[in-house]
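# An overview of the molecular structure
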Amino acid sequence: QVQLVESGGGLVQAGGSLRLSCAFSGSFFSVYKMGWYRQAPGKQQRELVATILGSGTTNYADSVKGRFTISRDNAKKTVYLQMNSLRPEDTAVYYCSAQKPRSSDYWGQGTQVTVSS
């Protein structure tokens, strides 16, 4: 049984920063690929923002490269998304995910990020 709880969302002005956190409850945290996805207002699907393996290997969407940093603390079972130089187009509900190969994926409830111009 895995549960994910996001926190850290809020309202910020363009150019500002925000750090999202995702707390993982369950076992074997280090074997999961953790990720952040977002769904913008009026959009039909979630888009990948960033992923990180237990080893620390990361991948980023082109739209956030150089601005966002994903990290994880395996001891704390927590994943972070540091968001800098925020833009209005970053406004979305951000979801944390946990994925294990050949197994089911888990999702958090999401946290709202709103970037005003």
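As shown above, the structure is provided for reference.
For the structure given in this document, a descriptive report is provided here. (Residues numbered from 1 in each chain as written. Predicted model: local features only at pLDDT ≥ 70, side-chain atom pairs only at ≥ 80, totals over all residues. Heavy atoms only, no water.)

## Quick notes on unusual backbone geometry
We apply this condition: Helix numbering and strand numbering both begin at the N terminus, where a helix is a DSSP run of H or I of at least 4 residues and a strand a DSSP run of E of at least 2. Relative accessibility thresholds used throughout: buried, under 20% of the residue-type maximum; exposed, over 50%; partly exposed, between the two (1.4 Å probe, protein chains only).
If you check the backbone angles, Lys 77 has positive phi at about 55° while not being a glycine. With respect to the helices and strands, Lys 77 occurs in the loop between β7 (68-73) and β8 (78-83). With a phi close to 55°, Arg 102 is a non-glycine residue in the positive phi region. Secondary-structure assignment places Arg 102 in the loop between β9 (92-99) and β10 (106-107). By relative accessible area, Arg 102 is classed as exposed at 88%.

## Regarding the environment of Leu 4
Mapped onto the elements, Leu 4 comes out in strand β1 (residues 3-7). Along the primary structure Leu 4 and Gln 44 are separated by 40 residues, whereas in three dimensions their C-alpha atoms are 22 Å apart.

## As for the sheet that holds β7
Let me state the cut-off plainly: Whether two strands pair depends on DSSP finding at least two bridges between them. Convention adopted: a line fitted to C-alpha atoms gives each axis, helices being fitted over their contacting stretch, and angles between N-to-C directions are expressed from 0 to 180 degrees.
The strand order β1-β3-β8-β7 describes an open sheet built from 4 strands, whose pairing is antiparallel. In this open sheet, the two edge strands, each paired with only one partner strand, are β1 and β7. Adjacent strand axes in the sheet meet at a mean angle of 15° when their direction is disregarded. Where β1 lies against strand β3 (residues 18-25), 5 bridges are found, and the strand directions are antiparallel. Bridging across to β3, Ser 7 finds its partner in Ser 21.

Limitation: the analysis is restricted to geometry and does not speak to function.
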